[in-house]
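Read off the chains here:
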Amino acid sequence: MRNPQKDQQTKQAYCLGIESTADDFGVGICSFDGDILANKSDGYIPTEGGIHPREAARHHAEVADKVLNHALTAAKVKPSDLSVIAFSQGPGLGPCLRTGATVARALASYLDIPLVGINHSVAHIEIGKLKTGAQDPVTLYASGGNTMVTAFDSGRYRVFGETLDIALGNCLDVFAREAGLKHKKGFPLGAAVEKLALEGKRLVSLPYVVKGMDLSLSGLLTAATALLYKGDFRLEDLCYSLQEHAFSMVTEVTERALAHTEKREVLLTGGVAANKRLQQMLAVIAQEHDASFHVVPLEFATDNGAMIAWTGVLAYKHGLQTPVDESFVRLRWRVDKVDVPWIS
Ligand code: AMP
Ligand code: MG
């Protein structure tokens, strides 16, 4: 087994991270000091409907070589300079995860360097901390596939609240598709809803479901979609109302976690972190609790390889490695099942 300390002493050490949990295939390269040298990705855009896991996996297999080369070129790093390969081991869509894991195993075996399986949700939190300087935040991680409020306690990121059904990004995406909006490269459906919501003037009442510390978004989506079909309201007003309800729900849960943990920082991460209205709501509750508010920069908010590379560095430096025969993917790998020994 290689020794991480020795790696760092003998030469500059780098980790290459592969992300492939859903629609994005990403490769990031990070030094052991936390310098992100490359963060390249290629996203699968369905011709119609939501993400088809097998089609997305096929996309990942087709672009893997290109994205890997882009990342290595951008980082000015040779494959032989790499010390460790990290990959998103879960949670996510099976065929997509397996494609990334296969690329990671092949690289690690060929280069004869260690492999580290990384939890995708932990990686979103760690890149948020690295890029914003937050040390010990209450984190709202809201994306196309996940919505949870976490904070570190006793060796793990604990889940203080989460969606009981669909994710926040998925709620916005499905509504947008029902409304006939189109996902374009660099302009995801959530951004299309955000743009229309800015023109919203009327707040339409929709189901607001917070159950204890958890929340439910599926009834809200059904109700908003039903009103869309009825045609009595402007699309702009429905987008505005959907956002106001959904964002208030996640903000309420985040505020409760903040009050309970008495942490001094709030971090927003995941693809939905791009949304200015959500940022605004969270900034208000952070201020009310004398906490600082941090938003991960856009490039690192959505799924990306750099977050896997950086979390790979943290894990590897703390003695974690994943033997190839234990590198099976974990479709439902919860964040609170993962030890994070790099936090004391
Ligand atoms: P991720 O799953 O982390 O790759 O993030 C993708 C999700 O973020 C999708 O559901 C997008 O619609 C959503 N998203 C991206 N930009 C925005 C935005 N400006 N407002 C709301 N949601 C967004
Ligand atoms: Mg994505």
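Provided above is the structure to which this section pertains.
To start, this report covers the structure provided alongside it.

### Here's the deal with the coordination of the magnesium ion (ligand 2)
1) Next: At 2.3 Å from the magnesium ion (ligand 2) lie its protein donor atoms, namely Asp23 (OD) and Asp24 (OD).
2) Next: Judged by its relative accessible area of 13%, Asp24 is buried.

### As for the packing of aromatic side chains
1) Next: Within the structure shown, the criterion is met by 2 aromatic pairs.
2) Next: With a centroid separation of 5.8 Å and 75° between ring planes, the pair formed by Phe32 and Tyr316 is classed as edge-to-face. Residue Phe32 is found in the loop between strand S2 (24–31) and strand S3 (36–43), and its partner Tyr316 is found in helix H11 (residues 305–317); the two are separated by 284 residues along the sequence. The two residues Phe32 and Tyr316 agree in class, both being buried.
3) Next: Sitting over the face of the ring of Trp333, Arg330 holds its NZ or CZ atom 4.8 Å from the ring centroid.

### Details of the site of ligand 1
1) Next: Near ligand 1 there are 16 residues, and of these Gly144, Asp173, Gly190, Glu194 and Thr302 occur at the shortest range.
2) Next: Here ligand 1 loses 91% of its free accessible area of 510 Å² to cover by the protein chains.
3) Next: The set of elements that each furnish at least two residues to the shell around ligand 1 consists of helix H5 (168–178) and helix H6 (189–197).
4) Next: Mapped onto the domain boundaries, the shell around ligand 1 takes at least three residues apiece from domain 1 (4–124 + 302–337) and domain 2 (136–300).

### Section: the packing of helix H8 (residues 235–261) against helix H9 (residues 276–288)
1) Next: Put simply, H8 and H9 touch, their axes get as near as 10 Å, and they point 30° apart. On the basis of their axis angle, the class for H8 and H9 is roughly parallel. Both H8 and H9 take part in a crossing whose hand is right-handed. Here Gln243, Glu244, Phe247, Ser248, Val250, Thr251, Thr254, Glu255 and Leu258 of H8 lie close against H9, whose contacting residues are Arg277, Leu278, Met281, Leu282, Ile285, Ala286 and Glu288.
2) Next: Per-class residue counts for the contact of H8 with H9 are 8 nonpolar, 4 polar and 4 charged.

### Quick notes on the sheet that holds strand S4 (residues 82–90)
1) Next: Reading across the sheet, the 5 strands line up as S3-S2-S1-S4-S5 and stay open at both edges, with mixed pairing between neighbours. Only two strands of the sheet have a single neighbouring strand rather than two, namely S3 and strand S5 (115–119). Recorded for the sheet is a direction-independent mean angle of 20° between the axes of neighbouring strands.
2) Next: Pairing of S4 with S5, which is carried by 5 bridges, proceeds in the parallel orientation. Across the sheet, Phe87 pairs through a bridge with Gly117, a residue of S5.
3) Next: Across the face of the sheet, helix H4 (residues 120–132) comes into contact with strand S1 (14–19), S3, S4 and S5 while running at roughly 90° to S5.

Calculation criteria
Note that residues are indexed from 1 along each chain, following the sequence as it is written. In the order they appear in the text, chains get letters beginning with A and ligands get numbers beginning with 1. In view of the model being predicted, local features appear only for residues whose pLDDT reaches at least 70, and side-chain atom pairs are presented and counted only at 80 or more, with totals across whole chains, interfaces and linings using the full set of residues. Each side-chain value is worked out from all heavy atoms of the structure, with water and hydrogens disregarded. Water is not part of the atom set, so a site may look incomplete; the donors themselves are N, O and S atoms within 2.8 Å of the metal, or 3.2 Å for Na, K and Ca. Relative accessible area decides the class of each residue, using a 1.4 Å probe on protein chains only: under 20% of the type maximum gives buried, over 50% gives exposed, and in between gives partly exposed. A pair of Phe, Tyr and Trp rings is counted when the ring centres sit within 6.5 Å of each other, with Trp represented by its six-membered ring. The angle between the planes then sorts it: under 30 degrees is stacked, over 60 is edge-to-face, the rest tilted. Put simply, DSSP marks the helices as runs of H or I at least four residues long and the strands as runs of E at least two long, and each gets a number from the N terminus on. Whether a charge sits over a ring depends on NZ of Lys or CZ of Arg being within 6 Å of the ring centre and within 35 degrees of the ring normal. Each residue is tested against the molecule or strand, and it is near if at least one of its non-hydrogen atoms lies within 4 Å. Exposure was quantified through the Shrake-Rupley algorithm and a 1.4 Å probe, taking into account, for residues, occlusion by the shown protein chains and nothing else. The start and end points of each domain follow an automatic or database-based domain assignment. To get an axis, a line is fitted to the C-alpha atoms, and for a helix only the part in contact is used. The angle between two axes follows their N-to-C directions and goes from 0 to 180 degrees. Oblique is the label for any angle not under 35 degrees, not over 145, and not in the 65 to 115 range, which are roughly parallel, roughly antiparallel and roughly perpendicular in turn. Here is the rule for handedness: rotate from the far helix to the near one, and if that takes an anticlockwise turn smaller than a right angle the crossing is left-handed, while a clockwise turn gives right-handed. The criterion used for residue contact is that any of the two residues' heavy atoms lie within 4.5 Å. Polar here means any residue outside two lists: the nonpolar Ala, Val, Leu, Ile, Met, Phe, Trp, Tyr, Cys and Pro, and the charged Asp, Glu, Lys and Arg; Gly therefore counts as polar. In this description, strands pair whenever DSSP reports at least two bridges between them.

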